[in-house]
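If you want the building blocks of each chain, they are given just below.
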Amino acid sequence: MSNSTKVLIIYTGGTIGMVEDPETGLLHAFDFDHLLEEIPELNKFDIQLDVHALEKPLDSSNIGPQSWVEMLEVIESNYESYHGFVVLHGSDTMAYTASALSFLLENVNKPIIFTGSQLPINKIRTDGKENIITAIEVAGAYENDKPVVPEVAIYFEYSLYRANRTTKVSAENFEAFQSPNYPLLAEAGVHIKYNSFAINKGNSEKLVVRKNIVEQVASVRIFPGIQKEVFQAVANIPNLKGLILETYGSGNAPTFNWLTEELLRLNEKGVILVNVTQCNTGKVMQGKYETGAHLERAGVLSGEDMTYEAAITKLMYLLSCEELSLEEKKKYMGINLRGELS
């Protein structure tokens, strides 16, 4: 292998790193020291590969801010030594972790590609091998000494997505993810076709890593018949700093007096309120109907066309920026920071 391009594989856990015991049928963690034995095709790359496993690999359902910090520290300490990174992650919360890292890593100018699989790596029909192989190729892709994809992205089943535009849509199909409001960054066929118009241009500034993640956020999904007590159970959480409202259609919610009063109270307390739609595609337009306009009057910010995963992780990120005032945090919530907003 040539040392011309170096890619660090970061294993966090998940199905892609599991193998089935032929005697018991139980899944257990794969020994990544034998990665090249399991996927011999990797030997054909003109890329130097190294592997770093988190101290305690986790099912992605158990991954949260503490694990994000561990990933951030691995990337930060190895950032200057590698041309790109591949993060192997369980698919269930991949869109959350990838979105979070897209915000917490400021001034990214290298590929950080998340991937995983629906079937364990040693299964005959696994999707994991192709996902790993292509994710590595994307992470190591440079033209004229510049990375082709200098941003945080997700590669899954022949498609490369912007991390903070992605959501998981299927628990059983290999095509498990979609990017509802943004085009693909690349499509893998006979060749990898990069959509350069959709890819971030990178940043020449020094990498900044945010690790003081604020977790005091919550969300409420509006549904027909929602009761005041249900909303208050969330709204009255001690030390709440941010609340996502998942609303109908273009950002609509019932015009109940109690809901308006609760939102006004939260706004006065300094809780940042953000409106995202329950729909897969489209955007929040709070002034379109009275059912949305009353939220705007109560101080709720429009989440525009952000995914739920992007909205809640962006909120956590902005709340961690201690140098910003409350009003500045609210302003930046509506500004496109990493390509998460159209």
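Rules of the game
- Residues numbered from 1 in each chain as written.
- Predicted model: local features only at pLDDT ≥ 70, side-chain atom pairs only at ≥ 80, totals over all residues.
- Heavy atoms only, no water.
- Phe/Tyr/Trp six-rings, centres within 6.5 Å; stacked < 30°, edge-to-face > 60°.
- Helix = DSSP H or I, 4+ residues; strand = E, 2+ residues; numbered from the N terminus.
- Buried < 20%, exposed > 50% of the residue type's maximum accessible area, 1.4 Å probe, protein only.
- Pairing = 2+ DSSP bridges.

Draft legend 1. Representation of the packing of aromatic side chains in the model. This model, assessed by the stated rule, comprises 7 aromatic pairs. Judged by centre distance (5.0 Å) and plane angle (65 degrees), the ring pair of Phe156 and Phe177 falls under edge-to-face. With a gap of 21 residues between them, Phe156 in strand β10 (residues 152-156) and Phe177 in strand β13 (residues 177-178) connect regions that are remote in the sequence. The exposure classification of Phe156 matches that of Phe177, with both residues buried. Pairwise contacts between aromatic rings join Tyr79, Tyr82 and Phe85 into one cluster.

Draft legend 2. Expanded view of the pairing of strand β1 (residues 6-11). For β1, the buried fraction is high: 5 of the 6 residues fall into the buried class. Taken together, the 6 bridges between β1 and strand β4 (residues 48-53) define a ladder with parallel strand orientation. Counted as the bridge partner of Lys6 is Gln48 from β4. Two elements, β1 and strand β5 (residues 84-88), share 5 bridges in a ladder whose sense is parallel. Across the sheet, residue Tyr11 finds its bridge partner in β5, namely Leu88.

These figures capture arrangement, not role.
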